[in-house]
Amino acid sequence: MNKKTALIVYAHPEPKSFNSALRDTAVKTLQAQRYNVLVSDLYAQHFQPVISKTDIIGELEDPKHFNYPNEVGAAYKNDSLCLDVKQEIQKLKLADLVIFQFPMQWASVPAILKGWFERVLIKDFAFSFPKMLDEGLIKGKKAVLSFTTGCPGGMFTPNGLLGDLNVILWPIQYCTLRFCGFDVLKPQCSFSPTHADDKQREEMLNAWGTRLKNILTEEPIMFPSLSNFDAQKWFVISDNNVEEQKNKEVGLSVGHHLGKKMPL
Ligand SMILES: Cc1cc2nc3c(=O)[nH]c(=O)nc-3n(C[C@H](O)[C@H](O)[C@H](O)COP(=O)(O)OP(=O)(O)OC[C@H]3O[C@@H](n4cnc5c(N)ncnc54)[C@H](O)[C@@H]3O)c2cc1C
């Protein structure tokens, strides 16, 4: 069997943090499963999260009007992207599994990781129009969000103060990762480690380690396929599909709930 490669994109500034312990658990478990493990430690690398003209080496295609997606897409094809982005793309190309390890910040990823999405998941490498969703250019790779929170799990339920976690994660899991073609696995949520006791924290680390032993056999989250949308109508759900969904009790996905009960 071919050796699998896992890339852990890790975004926490503190080496003694619980996120660091979750990352170490992943490294240890995956190496024991004979994975080749790569880590992008974004704070340690001083990863620059802001998109800019310096992401392109040399002449811009259109120096009069800076269009980032077009410029980096062309730079990707011409091999004129800056070194740190090239290195991240290279690691991502090698990966069968990508783990994003981070503390939830304002119901999303930390800014440094948002910057990784913006600078690495670029046009013509990660997606193009209409190469999206199950046709996305990253297809064939699995991704999983492993994150910690400050708030307890109950707050992320349909009755909880913050509302349904699936809604909170939709922009990352679907609009970003699935958009580019990743098969997105269920998230690993380590709720509120700061307020947990030692035993509960140990259980969270063990649960992650146990899951990782077979993670590549898991079924990804169900999302709509590109073929559900009508390219002639700027990718709204096709008439056929609307008809098909009409008598179903549950919506097509969290985002495409079609006014019905949301699927989980
Ligand atoms: C800007 C900002 C925005 C935020 N927004 C949100 C939000 O929207 N929603 C939300 O819920 N939270 C939010 N938070 C809170 C944040 O998500 C939590 O503080 C974070 O997830 C906690 O994880 P940590 O790794 O930083 O924990 P840490 O505080 O580093 O660790 C927790 C505990 O685990 C212990 N520990 C470390 N290693 C181990 C080990 N190996 N074994 C056992 N114990 C260990 C540590 O000593 C510590 O006692 C926000 C925080 C910031 C800074």
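Higher on the page you've got the structure.
All of the points below concern the structure found in this document. (Residues numbered from 1 in each chain as written. Predicted model: local features only at pLDDT ≥ 70, side-chain atom pairs only at ≥ 80, totals over all residues. Heavy atoms only, no water.)

Quick look at helix α4 (residues 111-120) now. Counted residue by residue, α4 has seven buried out of ten residues, so it is predominantly covered. Buried within α4 are the following residues: I112, L113, G115, W116, F117, R119 and V120. Summarising the contacts, the buried residues of α4 are in contact with β1 (5-10), α2 (68-78), α3 (83-94), β3 (97-103) and α5 (165-178). (Buried < 20%, exposed > 50% of the residue type's maximum accessible area, 1.4 Å probe, protein only. Helix = DSSP H or I, 4+ residues; strand = E, 2+ residues; numbered from the N terminus. Contact = heavy atoms within 4.5 Å.)

Here the structure, examined in full by the defined rule, presents zero disulfides. C82 takes part in no disulfide bond, and the closest cysteine sulfur, belonging to C180, lies 18 Å away. On the basis of relative accessible area, C82 is assigned to the buried category, the value being 9%. (Disulfide = S-S within 2.5 Å.)

Taken together, 20 residues sit near the ligand, with H12, M104, W106, A107 and T148 positioned nearest. Here W106 contributes a backbone N or O atom positioned 2.7 Å from a nitrogen atom of the ligand. The backbone of G150 places a nitrogen or oxygen atom 3.0 Å from a nitrogen atom of the ligand. Considered on its own, the ligand offers 1,000 Å² of accessible surface; in the complex 63% of this is hidden by protein. If you list the elements that add at least two residues to the shell around the ligand, you get α1 (18-32) and α6 (198-212). (Near = heavy atom within 4 Å. Polar contact = N/O pair within 3.5 Å; in protein donor to acceptor, adjacent residues only side chain to side chain. Areas by Shrake-Rupley, 256 points an atom, 1.4 Å probe, with all protein chains shown as cover.)

In total, this model carries twelve aromatic pairs according to the counting rule given. Ring centres 4.2 Å apart and planes at 15 degrees place the aromatic pair W170 and Y174 in the stacked group. Separated by four residues within a single helix, W170 and Y174 lie in helix α5, roughly one turn from each other. The pair formed by W170 and Y174 is uniform in burial state, with each residue classed as buried. Cation over ring: R23 sits above Y10, and NZ or CZ is 4.4 Å from the ring centre. Its guanidinium or amino end placed over the ring of F47, R119 lies 5.1 Å from that ring's centre, counting from NZ or CZ. (Phe/Tyr/Trp six-rings, centres within 6.5 Å; stacked < 30°, edge-to-face > 60°. Lys NZ or Arg CZ within 6 Å of the ring centre and 35° of its normal.)

This next bit is on the pattern of salt bridges. In the structure shown here, the tally under the stated rule is 15 salt bridges. The salt bridge involving K77 is made with D124; its shortest N-O contact spans 3.5 Å. Residue K77 is found in helix α2, and its partner D124 is found in the loop between α4 and β4 (142-148); the two are separated by 47 residues along the sequence. Residue classification places K77 among the exposed residues on the basis of a relative accessible area of 62%. A relative accessible area of 22% means that D124 is categorised as partly exposed. For K86, the salt bridge is made with D79, and the minimal N-O distance between the two is 3.2 Å. K86 gets classed as partly exposed once you look at its relative accessible area, which sits at 31%. What emerges from the salt-bridge pattern is a single network uniting R23, D24 and D41. (Salt bridge = Lys/Arg side-chain N within 4 Å of Asp/Glu carboxyl O.)

Between F129 and P130 the backbone carries a cis peptide bond, its omega angle lying at 10 degrees. Assignment of secondary structure puts P130 in the loop between α4 and β4. We note that D124 has phi near 70 degrees; this positive angle belongs to a residue other than glycine. Positive phi is not limited to glycine here, since L133 has a value of about 55 degrees. Considering the arrangement of structural elements, one finds L133 in the loop between α4 and β4.

Moving on to the environment of Q173. Looking at the secondary structure, you find Q173 in helix α5. Looking at Q173, the relative accessible area reads 5%, which means it is buried. Expressed as a C-alpha distance, the spacing of Q173 and D96, which sit 77 residues apart in the sequence, is 17 Å. Those residues within four positions of Q173 in sequence are excluded, and the remaining contacts are L145, R178, V184, L185, P187, I221 and F223.

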